[in-house]
Amino acid sequence: EVGDFVQEQRPALRLLQALGNQRVKGLVHCSGGGQTKCRRFGSKVHFIKDNLFPVPPIFAEIARVSGTEAKEMHQVYNMGHRLEVFLEPKDAEVALRLAAELGLEARVVGRTEASARSDGANHVTVIKEGQVLAYA
């Protein structure tokens, strides 16, 4: 049945079925906030993204034509990085294997640590191509 096939192919649902919703700590679709959207989730978290996917050419063209700097580009656009799954490191292999089975490119793009801010607020650091982009 077509409905069953579609249901089986949904990566987020498949991941929740494989690991259970207690082991999947969070899912963030990186639209409407780009690489900084994750700041809205959790408490006292420093999100460190140091292994993002290569940026698709369309984003380089947007930056070139608009004169937008890398920091703003990563804050506004997903830069080709669409869905974040927050897991314990021990569960990453399951997620990567599931993505491969579905023909999806996936990788561990970073990690989380305790907030380094004196007020404990969430913040993001993107490290890409020798640049360190910090978002409070």
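Residues numbered from 1 in each chain as written. Predicted model: local features only at pLDDT ≥ 70, side-chain atom pairs only at ≥ 80, totals over all residues. Heavy atoms only, no water.

1. Details of the pattern of salt bridges
- All told, the structure shown has eight salt bridges when counted by the stated rule.
- Ionic pairing is found between Asp-91 and Lys-90, a salt bridge with its closest N-O pair at 3.7 Å.
- Using a relative accessible area of 2% as the deciding quantity, one classes Asp-91 as buried.
- According to the relative accessible area criterion, Lys-90 is exposed, its value standing at 62%.
- As a salt-bridge pair, Arg-117 and Asp-119 come within 2.6 Å of each other at their nearest N and O atoms.
- Judged by relative accessible area, which is 52%, Asp-119 ranks as exposed. (Salt bridge = Lys/Arg side-chain N within 4 Å of Asp/Glu carboxyl O. Buried < 20%, exposed > 50% of the residue type's maximum accessible area, 1.4 Å probe, protein only.)

2. Considerations on the nonpolar core
- Counting ten residues, the largest nonpolar core is built from Cys-38, Val-45, Phe-47, Leu-52, Phe-53, Val-109, Val-124, Val-126, Leu-133 and Tyr-135.
- If you look at the next biggest cluster of nonpolar residues, it comprises six residues, including Leu-19, Val-24, Ala-95 and Leu-98. (Core = buried A, V, L, I, M, F, W, Y, C linked by side-chain atoms within 4.5 Å.)

3. With respect to the environment of Val-132
- Summarising the element assignment, Val-132 is placed in strand E6 (residues 131-135).
- Measuring from C-alpha to C-alpha, the distance between Val-132 and Lys-49 comes to 9.9 Å, with 83 residues separating the pair along the chain. (Helix = DSSP H or I, 4+ residues; strand = E, 2+ residues; numbered from the N terminus.)

4. Focus on the sheet that holds strand E5 (residues 123-128)
- Pairing in this open sheet of four strands is mixed, and the strands run E4-E2-E5-E6 from one edge to the other. For this open sheet the edge positions go to strand E4 (110-114) and E6, each flanked by a neighbour on one side alone. Strand-to-strand, the axes of this sheet are offset by a mean angle of 15°, without reference to chain direction.
- Pairing of strand E2 (residues 45-49) with E5 involves four bridges; the strand directions are parallel. Its bridge partner being in E5, Ile-48 is matched across the sheet by Thr-125. (Pairing = 2+ DSSP bridges. Axes fitted to C-alpha atoms, helices over the stretch in contact; angles between N-to-C directions.)

5. Observations regarding helix H5 (residues 92-101)
- For H5, the set of buried residues is Ala-92, Ala-95, Leu-98 and Ala-99. Down the axis of H5, the buried side of the element spans an arc of 130°, and every buried residue falls inside it. Turned more than 90 degrees from where H5 packs its buried face, Ala-100 and Glu-101 sit exposed.
- Buried residues along H5 sit against helix H2 (11-19) and strand E3 (83-87).
- Just downstream of H5 lies Gly-103, where phi reads positive at about 75°. (Arc of directions from axis to C-beta. Contact = heavy atoms within 4.5 Å.)

6. Here's the deal with the pairing of E2
- For E2, the buried fraction is high: five of the five residues fall into the buried class.
- The alternating pattern of E2 places Val-45, Phe-47 and Lys-49 and His-46 and Ile-48 on opposite faces, both of which are buried.
- As judged from the five bridges shared by E2 and E4, these two strands associate in the antiparallel manner. For Val-45, the partnering residue across the bridge sits in E4 and is Ala-114.

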